[in-house]
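Coordinates in review
Here are the chains, one letter per residue:
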Amino acid sequence: MADKAKKTLCTFCGVVDQVTVEDGGRVRATGSLGVCVKGAHYFQKHLSADPTEVARFTSPLLRTPYGWEQISWDYAIDMVADTVLADRQEFGRDALACYGVGQMTLESLWLAKKFFQGHLGTNNICSNAEQCLANNAGGHELVFGNEGPFAAYDDYREADAVFFYGHNPAINHPTVFQRYVRRNRDAVKVVVDPRRTATVERLQADDPRTIHLPVRSGSDILLNMIFARHLLDRGAVDRDYVARAVDPDSADAFVRMVTRGPYSLDEAVPRLTPAGMPVEEMRSRVLRACRLWESERVVTTSSVGINQTVGSSGVASILNLHLLTGQLGAPGRGHVRLAGQSNASAELAMGYSGRLLPFRMRLSDPEHRARAAELWKLPAWRINPAQGLPVASFATSERLRTLFVFGTNPARNFPNLAQWRERMMDLCVIYVDSYYNPEMLEYADIVLPCRTKHETSGVFLNGERRLQYMEAIEEPPFEAWSDVRIVCAVARRIAERLAGAEPPDVAGLSEDDVDALVARGNGDLSARALDEAFRYPVDEYGEVLSEPVWEEIQAASRGFYNEFCDGTGRPITLADIRSGEGVQWGGERRYTRTGPDEEVSFPGVFAADRHRARFHLPPPERLVPFGERNDRQFVLITGRGGMGPTARRRDVAMFNSATATGEALWPAANSVYVNPADAGRLGVTSAQRVRLSNDLGSLVCPAELSDDVPRGHLYLTFHPDHAGTHPNVLTSSDHCDPHTWQPLLKDTQVDLEPLPS
Ligand SMILES: Nc1nc2c(c(=O)[nH]1)N[C@H]1C(S)=C(S)[C@@H](COP(=O)(O)OP(=O)(O)OC[C@H]3O[C@@H](n4cnc5c(=O)[nH]c(N)nc54)[C@H](O)[C@@H]3O)O[C@H]1N2
Ligand SMILES: Nc1nc2c(c(=O)[nH]1)N[C@H]1C(S)=C(S)[C@@H](COP(=O)(O)OP(=O)(O)OC[C@H]3O[C@@H](n4cnc5c(=O)[nH]c(N)nc54)[C@H](O)[C@@H]3O)O[C@H]1N2
Ligand code: SF4
Ligand SMILES: [Mo]
């Protein structure tokens, strides 16, 4: 056990709570938020644990014809460097891909981006934010021209009304829910979710005024158009704010669309009401919610219920309402981002997407490419202008040969899973994780055991833009390397292999020139540049040096809208990040309201590039709820946790693939929840086995009847079970958000067929 009390962070979910682990292993919250069972159990179980008891990889592994062979780190780095060089030379720069988890430190995200995109010239560098939070960033970009969220958890305490869109914080962000949301007893809460979730139950038990809107899957934008119409009809909009802050053409177009389209309560409410629910009941709830938008202070949150169905347009439709009512930039007003993974916001800021450069510069813009090269001290031709692949298309592309996976479990959590698994058989997969994961071992070729949370130090950017520092509180009991050390070691080994070779010293090389150099023994790479860039982040013992890496990131961020400065414009230092509860990039609130006559403008990718906000006009296909576009009987919602009161504690305790939180809580088999009316029609009884299928695949699991799922909808968790149920065999790699490429996982259509018992 730890010898004395040690302060660090819990870095599972995007809340990122501060915890202290006391002598004897007791875990207590040190921040203002608290700690949930995941955080508490993690430290109790993992500190000073026997690595085999917590299913750790304890040595690098190499797949051989005779099975897994333990190899030394030195040999492993040799193998990785040689594979990268050989595949690159034979198949080109973009044969290489990197897929990262949103729990990596900011230092490792920055260095991996620089290595893969900058030095090696592949734009296939993505992360699981592209399955998760990317559409929240996308929605902000559509309306404000930049991705940053603009409110903070404190705003929950100040609000008069709080709207949750597709978000179940009682399970998924429990500390914010307990200490911020539930503590504000005065605010009326609205939960927009087809399912009656634990969040709805808790909030209704706290306060009968709580409104649950169990809208049909995919109708959130339609709902927001109803709100907008109501506000415009009642004149309850902030015309002054709109005139000062919003592009007038977009305002005219939006008002026209809302007032002329079929968005009155009478026209639109029947369309979003699920079968079996009286339209009058829904109408009265929607009307009450409309009126809440007229409150003094309104806070909204959206999460993957929106991001994975209506996508960035869905988020933008919420932001439209904030613009229309001027509900932003003041206490208790704004859209709060609750990130899924602890550092998902850092992945967004670092531009983890096949079309983005750091700080969300666009790959398609030659000036942005030149700027990225400058940040990384590389010649401009170094940045490959060819866009990378969307994460979802990894499953279907022939381009890839070698895939680095840092954490994250693509053998479970990817769309079009069956095809993707088949595809992985052809790839060389280099898998970096702390925990033994039998699913990934089927596909990995080289395994590198990395340090786990309490053995790693580094910076985390949480959902409310707070930068905090995770302190390593224990040494690993065997040789586990940090992600930073791994990236730097591979980069420097490649430099050694190049034996001092340098590319021609010319200002401009064409794409063809670069390709020809790559094919001739990786002649585009610079041994000197690789060595210089990846020498300084680790000391001679392999420990990460956060100070110089942070300084590099902070300096690189200058001039961008997400410049790492505090609310007063002062650069944020690592000392600021390490002290107290860290520091918020940009201060507590963005887009602070100005005086009545002042024009309001918003930064773009660059801070100096000011412009007005724009209302987003949702495309017609995102205004059609499930029920009006069915090819199949049901929409299958996948999400976190089971349903019913017994599942609650287990649900809070399990995190995504549940590797670090352990197998002990996995149920024997996950059930698909079916509304009793649908079950009766199809002859399905409780615990009966059913088959779910569509064009992509099928799975068999037990059914459970629940009134908490509306008719026409099914619910199945994607958390693991011992039966190996994989909902992602049914999700599509083609059905993606156009702005961000995020797959719309929760908008999945299936048929259900009972099987003989
Ligand atoms: N305990 C625990 N906490 C976690 C995680 C975990 O695995 N376990 N995972 C973390 C991660 S990575 C993430 S991304 C977050 C996710 O946090 P949440 O977004 O709360 O997660 P989900 O349960 O996937 O989905 C939320 C809700 O979206 C609803 N939904 C589905 N379709 C629609 C729709 O069309 N409209 C609306 N309005 N709602 C819809 C679902 O019914 C579901 O209740 O949680 C984080 N926190
Ligand atoms: N059908 C369906 N599919 C989904 C979703 C859904 O709602 N429905 N949700 C999607 C969402 S929102 C997400 S976020 C993904 C989650 O999918 P994953 O990213 O696959 O899930 P995790 O379990 O969070 O992370 C996997 C691994 O990362 C490792 N890890 C943690 N920290 C580090 C680190 O610092 N370095 C390294 N190298 N490894 C580390 C952990 O040990 C763990 O084994 O799933 C997506 N897939
Ligand atoms: S899992 Fe999230 S809510 Fe729970 S302690 Fe960790 S950071 Fe906090
Ligand atoms: Mo996520």
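Coordinates for the structure precede this section.
Below, the structure is looked at part by part. If you're wondering where the values come from, they're calculated on a predicted model, not measured in any experiment.

**Overview of the overall build of the protein**
Secondary structure summary: the protein contains 26 helices and 26 strands in total. What you see for the protein is a C-alpha radius of gyration of 25 Å, in line with the 27 Å of a compact globule of 757 residues. Considered along the principal axes of its C-alpha atoms, the protein spans approximately 75 × 70 × 55 Å. For the protein, with 757 residues in total, the buried portion stands at 66%. The long-range share in the protein, meaning contacts at least 24 apart out of those at least 6 apart in sequence, stands at 75%. Carbon and sulfur atoms make up 48% of the accessible area of the protein, which totals about 25,800 Å². Counting 82 positive and 98 negative side-chain charges, the protein places the averaged centre of each group 5 Å from the other.

**Details of the nonpolar core**
Counting 79 residues, the largest nonpolar core has Phe 115, Phe 116, Ile 494 and Trp 550 as the members making the most contacts within it. Examining the composition of this core, we find that 10 residues originate from one element, helix α20 (residues 483-498), more than from any other. Excluding anything up to four places from it in sequence, Phe 116 contacts Leu 96, Cys 98, Gly 121, Thr 122, Ile 125, Phe 404 and Phe 406.

**A short note on the site of ligand 3**
Taken together, Cys 10, Phe 12, Cys 13, Val 16, Asp 17, Val 35, Cys 36, Lys 38, Pro 174 and Thr 175 make up the full set of residues adjacent to ligand 3. Tallied by class, residues from the shell around ligand 3 come to seven nonpolar, one polar and two charged.

**Overview of the site of ligand 2**
Around ligand 2, the structure places 28 residues, and the nearest of them are Asn 128, Asn 409, Asn 413, Asp 433 and Thr 659. The separation between an oxygen atom of ligand 2 and a polar side-chain atom of Thr 408 is 2.7 Å. Residues belonging to the shell around ligand 2 are distributed by class as follows: 10 nonpolar, 14 polar and four charged. Two domains share the shell around ligand 2, each providing at least three of its residues, namely domain 2 (61-132 + 343-533 + 544-584) and domain 4 (630-754).

**As for the sheet that holds strand β16 (residues 458-461)**
The strand order β16-β17-β18 describes an open sheet built from three strands, whose pairing is antiparallel. Of all strands in the sheet, those with a lone pairing partner are β16 and β18 (583-584), marking the two edges. Pairing of strand β17 (residues 466-470) with β18 involves two bridges; the strand directions are antiparallel. When the sheet's bridge partners are listed, Arg 466 is paired in β18 with Gln 584.

**Some points on the sheet that holds strand β5 (residues 67-70)**
Overall, mixed pairing links the seven strands, which are arranged β5-β4-β15-β14-β13-β6-β7 in an open sheet. A single partner strand is all that each edge strand has here, and the edge strands are β5 and β7 (125-127). Direction aside, neighbouring strands of the sheet carry axes that sit 20 degrees apart on average. Pairing analysis gives two bridges linking strand β4 (residues 61-64) to strand β15 (residues 446-449), with the strands arranged antiparallel. The residue bridging Leu 61 from the neighbouring strand is Val 447, located in β15.

Conventions adopted
Per chain, residues are indexed from 1 in the order of the written sequence. Here every chain gets a letter starting at A, and every ligand a number starting at 1, in the order they are written. The model is predicted, so local features are restricted to residues of pLDDT at least 70 and side-chain atom pairs to those at 80 or more, both for listing and for counting; the totals for chains, interfaces and linings are taken over all residues. With hydrogens and water stripped out, all remaining heavy atoms of the structure feed into the side-chain values. Secondary structure elements follow DSSP: runs of H or I no shorter than four residues count as helices, runs of E no shorter than two count as strands, and numbering proceeds from the N terminus. The quantity called the radius of gyration is restricted to C-alpha atoms. Its globule counterpart is 2.2 Å times the number of residues to the power 0.38. For each residue, the accessible area found with a 1.4 Å probe, counting protein chains only, is set against the maximum for its type, and the residue is called buried under 20%, exposed over 50%, and partly exposed in between. Here a residue-residue contact requires only that any non-hydrogen atoms of the pair lie within 4.5 Å. Here the Shrake-Rupley method, with its probe set to 1.4 Å, supplies the accessible areas, and only the displayed protein chains count as covering residues. For the charge count, each Lys or Arg is scored as positive and each Asp or Glu as negative, with His and the chain ends excluded. Charge positions come from single atoms, namely NZ of Lys, CZ of Arg, CG of Asp or CD of Glu. Nonpolar cores were defined as sets of buried Ala, Val, Leu, Ile, Met, Phe, Trp, Tyr and Cys residues, with membership established by side-chain atoms within 4.5 Å. Here, proximity means that at least one heavy atom of the residue falls within 4 Å of the molecule or strand. In this count, Pro and Cys sit with the nonpolar residues alongside Ala, Val, Leu, Ile, Met, Phe, Trp and Tyr, while Asp, Glu, Lys and Arg are called charged and the others, Gly among them, polar. Think of a polar contact as two N or O atoms within 3.5 Å of one another; within protein, one of them needs to be a possible hydrogen donor and the other a possible acceptor, and neighboring residues in sequence only count if both atoms come from side chains. Delimitation of the domains relies on an automatic or database domain assignment. Strand pairing requires that DSSP identify at least two bridges connecting the strands. Throughout, an axis means a line fitted to C-alpha atoms (over the contacting stretch in the case of helices), and angles, computed between N-to-C directions, take values from 0 to 180 degrees.

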